[in-house]
Amino acid sequence: MTVPHLLFARPPRRGTTGPRARRPRRAAGGLGRAAALTAASLLTVGLLPGQASAEPSPTPAPSTAPAASAAPTAPAPAAIGPVDYAIAVDESGSLKPAEVDRERAAAAGIALGEVHPKSTVTVLGFASADNDAQHPVDEVCPPTVLDGAGRDRIGACIGNLRSRKPDEGQGTDFPNAILQGVSRLSTGTDPATPRVLFLLTDGKLDVGDSPAYGDDRDHRATAGEAALAQALAAAQAARIQVWPLGFGSDIDRAALDRMAAAGFQDGCVDLPDARPRATAVPDAAAVAGAMQTAFAAAHCLRATTGGTGHPPIDIEMRISPLTTVGSIVVDKGDPAVTATYFDPSGRQITATTTDPISKFELSPRDQTVESLRITDPAPGQWKVHLDAPADHRAQLASVSVLWRGALRSSITMAPPSPRPGEQAVVTLKLQTRKGVQVTDPQDLKDLKVSAVLSGDGFAPVPVRLADDGTGPDRTAGDATFSGTVTVPATATGRIKASGTLAASGLTADEDRTQGTLVAPAVPKVTAGLTLDDTAGHKLHPGDALAGRLDLHNADGTPHTLRLALRDTSPGLLAVSPEEVTLAPGESRRVDVAVRAARPAAFRGLLDGGDLRLGGKVTLVDGTDQDRVLVDSPLSLTVTRPPTFWESWWWALLLGGLVAVLAALVVLVLHRGKVTGRNPAGLKLLLLDQEGHQLADVTADSGTNGWYEFDVAGLGGPYPRLVRKPGGPYRVQRSRDGGAVLEKRRQSTTRIHPDRPASLTDGLGLGIRDERRAPRRRTGPTARPRPGRAESPSAPPAAPPPTTTYL
């Protein structure tokens with residue numbers, strides 16, 4: 001299958017070069033148009049004939065695996081711009097202390113959850129001014145840049161939010177709150193930076209006691225509505241979005257909707273969720289979560305809920321492999337609660353943790369809300385352990401993640417050079433910015449994908465792309481979007497397929513180009529690529545995926561073809577051969593290899609499991625204006641190299657079994673040997689010079705197969721044998737049915753029942769094997785042993801021979 005290449009149109013970068021560069025002024029269209037460019041990326045296949053490709057020609061490389069020393073470097077993430085925002089928090093007298101606490105937590109949650117260190121936040125508390133000595137708005141936190149120092153300050157000043165006392169003005173003055181926010185967001189700020197105002201309230205507009213709006217309550221109500229309309233018009237003129245959030249039963253939902261619709265409407269991306277809208281929740285307990293959702297939508301972030309619980313508890317949350325920057329926000333409910341963070345490998349993350357890829361920043365930990373901001377976080381399951389003293393565990397704690405990510409993509413068309421009137425399949429495959437395929441449907445939530453076919457000789461034709469497993473799309477939910485299009489019959493020499501991605505919180509981060517031409521009626525060169533499906537395209541580092549190119553040159557001149565990999569992570573994969581020359585009229589089959597880099601190039605990339613890499617294999621005809629002949633999507637999985645145990649477990653197991661069997665054989669032989677020489681049951685006889693028995697002793701098993709003894713009473717009338725461990729004599733059985741007598745440090749002598757041995761001082765040692773002696777039955781029931789007749793006239797046994805010991 002062959003398909004053409006793609007082009008990302010990079011969103012315009014903010015700022016110029018140089019350390020003191022300032023962000024440029026936004027072009028007409030403001031927040032919506034400029035920010036949309038960072039979230040909607042253009043993918044294009046095709047160039048004008050002869051037009052230079054923006055992507056350099058592939059550099060020749062050896063046909064072996066990529067050098068291990070060439071570690072892959074991920075493409076730089078798309079610029080994530082700062083946001084200037086203000087939070088106006090209702091302080092009217094109707095608020096209960098617990099509701100004020102939840103307002104503080106909501107404000108702190110989005111301030112500390114901000115992912116850009118140059119964003120600024122202003123926090124306002126508002127109620128009403130019921131006399132000239134009162135002020136409708138308190139500036140609780142002045143505009144604060146949310147770098148490390150700003151994050152240290154913001155939580156403390158948010159703690160100054162309160163419920164107004166009767167003598168401070170207890171109404172709800174929306175107009176002044178909005179005007180104060182407009183003033184702070186539009187004075188001394190960069191107009192190119194998006195501006196957002198969040199408004200939290202538990203009620204409706206109430207300026208009935210404010211003399212600034214007129215002399216009586218009826219007039220004040222009318223004047224208040226007019227002032228609110230003017231304030232919202234000022235917000236729209238200053239390009240400020242308004243996101244109202246109401247809680248409780250006394251809110252005016254219709255009024256909140258009108259506020260959202262009256263401010264600046266362009267969102268950070270052209271999606272419904274990114275447009276300003278009002279939110280209503282039943283009570284203050286739900287304010288923090290709703291506020292975070294609104295903040296994510298307004299800032300083109302993604303919000304992931306981890307969970308809730310009472311300390312002590314472990315709460316886990318998933319960080320997507322698409323994430324380039326994010327904040328883990330912990331609403332502890334009580335400043336005494338402590339939070340400990342662990343990455344997917346189980347490593348504890350602290351303020352001083354260093355990492356070659358990720359960067360960490362912790363907010364102050366002595367406040368009700370804290371956060372861990374991470375740049376380039378490790379994807380996977382993160383864990384937050386919450387603990388607290390026994391008397392501080394009553395409050396419900398929650399954990400969430402605010403994050404932003406980047407996508408890469410590869411767009412192909414099959415056939416790569418279709419003829420006019422021919423149907424083609426356009427396929428767009430999504431990857432992370434590190435070239436890893438997207439596999440989790442959660443990462444594709446609310447993603448809009450579309451395509452257009454354009455070229456000379458016809459008007460642009462829209463192409464519907466879907467990932468639903470129908471039509472040309474093979475598998476639903478695999479991050480590969482496909483659709484069919486018929487090339488208009490009027491198409492001439494150039495053709496281009498363009499794909500567009502749009503998703504809140506996701507950007508595309510690279511430019512790619514590849515040219516193609518409409519196929520002639522009779523192609524000069526035809527090519528087909530086949531890759532082996534060995535083990536489902538699974539490779540270990542250093543392994544190769546084999547394939548074949550079937551080529552035919554129908555032209556009368558030689559053609560030079562170039563083979564390359566596109567849209568893959570640098571340094572991880574290589575293809576060979578890189579160039580093939582076909583003679584006129586030649587047909588040939590060429591072996592192809594897609595090889596994974598050596599293990600060192602994958603260091604750290606396989607710790608979380610298999611790595612699914614995507615991209616495509618392209619073959620272009622350099623002799624025919626770089627006409628695309630093959631553009632095949634590539635999907636393969638690199639698995640962790642097997643450990644020594646995984647590779648050789650069978651040999652180790654077999655060797656272990658052999659060793660165990662050998663040990664058993666040795667043990668059996670040894671036990672047989674020891675048992676055969678065990679002196680137990682051997683009766684030792686102490687004999688005088690004439691061979692008369694003076695004493696005896698029956699040996700036991702002794703020590704290590706030897707029975708050790710001594711002769712007591714030497715020189716006296718009654719010598720005897722006594723057991724004595726470590727004594728001067730020891731005896732054990734021999735294999736010939738006798739025994740071996742060993743005199744320590746002197747000699748060894750064999751003894752048989754009919755051949756005693758000299759012992760000491762004219763005494764000798766004889767033996768009789770009690771264990772082997774036949775047991776004779778006596779009495780009236782005694783019987784002869786089987787096989788031997790007992791004769792009453794049998795002569796008595798001969799006495800043992802007499803031996804004289806000199």
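Residues numbered from 1 in each chain as written. Predicted model: local features only at pLDDT ≥ 70, side-chain atom pairs only at ≥ 80, totals over all residues. Heavy atoms only, no water.

Chemist: Please explain the overall build of the protein chain as it appears in this structure.
Modeler: In terms of regular secondary structure, the protein chain is built from 8 helices and 41 strands. The buried share of the protein chain, reckoned over its 806 residues, is 48%. Across the protein chain, every contact between residues at least 6 apart in sequence was considered, and the portion connecting residues at least 24 apart equals 73%. Summed over its atoms, the accessible surface of the protein chain is roughly 37600 Å², and 54% of this surface lies on carbon and sulfur atoms. (Helix = DSSP H or I, 4+ residues; strand = E, 2+ residues; numbered from the N terminus. Buried < 20%, exposed > 50% of the residue type's maximum accessible area, 1.4 Å probe, protein only. Contact = heavy atoms within 4.5 Å. Areas by Shrake-Rupley, 256 points an atom, 1.4 Å probe, with all protein chains shown as cover.)

Chemist: Explain the nonpolar core here, please?
Modeler: Inside soluble globular proteins, nonpolar side chains tend to come together where they are buried. Formed by 49 residues in total, the largest nonpolar core has its most connected members in Ile328, Tyr341, Leu372, Trp382, Val384, Leu430 and Leu453. The biggest single contributor to this core is strand β17 (residues 397-414), with 7 residues. Within the second largest apolar cluster, 45 residues are counted, among which are Val140, Val281, Phe295 and Val325. (Core = buried A, V, L, I, M, F, W, Y, C linked by side-chain atoms within 4.5 Å.)

Chemist: Please explain the sheet that holds strand β25 (residues 538-539) as it appears in this structure.
Modeler: Backbone-to-backbone hydrogen bonds pair the strands of a sheet. The strands run either parallel or antiparallel. Reading across from one edge, β25-β32-β31-β27-β29 is the order of the 5 strands in this open sheet, with mixed pairing throughout. Sheet topology places β25 and β29 (579-582) at the edges, where each strand pairs with a single neighbour. Pairing geometry for strand β27 (residues 559-566) and strand β31 (residues 611-621), over 6 bridges, is antiparallel. Note on β31: the bridge partner recorded for Leu565 is Val617. (Pairing = 2+ DSSP bridges.)

Chemist: Explain the pattern of salt bridges to me, please; I cannot follow it from the model alone.
Modeler: Side-chain pairs of opposite charge can arise where the charged atoms are in close proximity. Under the counting rule described, the total for this entry stands at 30 salt bridges. For the salt bridge of Asp331 with Arg102, the shortest nitrogen-to-oxygen distance reads 2.5 Å. With a gap of 229 residues between them, Asp331 in strand β11 (residues 323-331) and Arg102 in helix α2 (residues 97-113) connect regions that are remote in the sequence. Per residue, the accessibility class of Asp331 equals that of Arg102, and both read buried. (Salt bridge = Lys/Arg side-chain N within 4 Å of Asp/Glu carboxyl O.)

Chemist: Looking at this structure, how should I read the environment of Cys300?
Modeler: Along the polypeptide, Cys300 turns up in the loop between α7 (287-298) and β9 (302-309). The class of Cys300 is buried, set by a relative accessible area of 1%. Sequence-wise, Cys300 and Gly267 are 33 residues apart; in three dimensions their C-alpha atoms are separated by 8.4 Å.

Chemist: Explain the state of the cysteines here, please?
Modeler: Any covalent bond linking the sulfur atoms of two cysteines counts as a disulfide. Following the criterion strictly, the structure yields 1 disulfide and no others. Note on cysteine connectivity: Cys141 is disulfide-linked to Cys157, with sulfurs 1.9 Å apart. A torsion of 110° about the S-S bond marks the disulfide between Cys141 and Cys157 as right-handed. Here the residue Cys141 occupies a position in strand β5 (residues 137-145), and Cys157 occupies one in helix α3 (residues 148-158), the gap between them amounting to 16 residues. Since its relative accessible area comes to 0%, Cys141 is described here as buried. Using a relative accessible area of 14% as the deciding quantity, one classes Cys157 as buried. (Disulfide = S-S within 2.5 Å.)

Chemist: Before we go on, may I ask you to explain the sheet that holds strand β7 (residues 240-247) in this structure?
Modeler: Read from one edge to the other, the open sheet built from 6 strands follows the order β5-β4-β3-β6-β7-β8, with strand pairing classed as mixed. Either end of the sheet is taken by a strand with one partner, and the two such strands are β5 and β8 (279-281). For this sheet, the mean inter-axis angle between neighbouring strands, taken without regard to orientation, is 15°. Across 6 bridges, the pairing between strand β4 (residues 120-126) and β5 is antiparallel. Residue pairing in the sheet places Phe126 in a bridge with Val137 of β5. (Axes fitted to C-alpha atoms, helices over the stretch in contact; angles between N-to-C directions.)

Chemist: Explanation requested: helix α6 (residues 253-262) in the structure shown.
Modeler: Think of an α-helix as turning once every 3.6 residues; residues three or four places apart then point the same way. For α6, the complete set of buried residues consists of Ala255, Leu256, Met259 and Ala260. For α6, the angular spread of the buried residues around the axis is 140°, confining them to a single face. Those residues of α6 that are buried are in contact with α4 (174-186), β6 (195-201), α5 (217-237), β7 and β8. (Arc of directions from axis to C-beta.)

In short, the description is geometric, and any link to function would need to be established separately.
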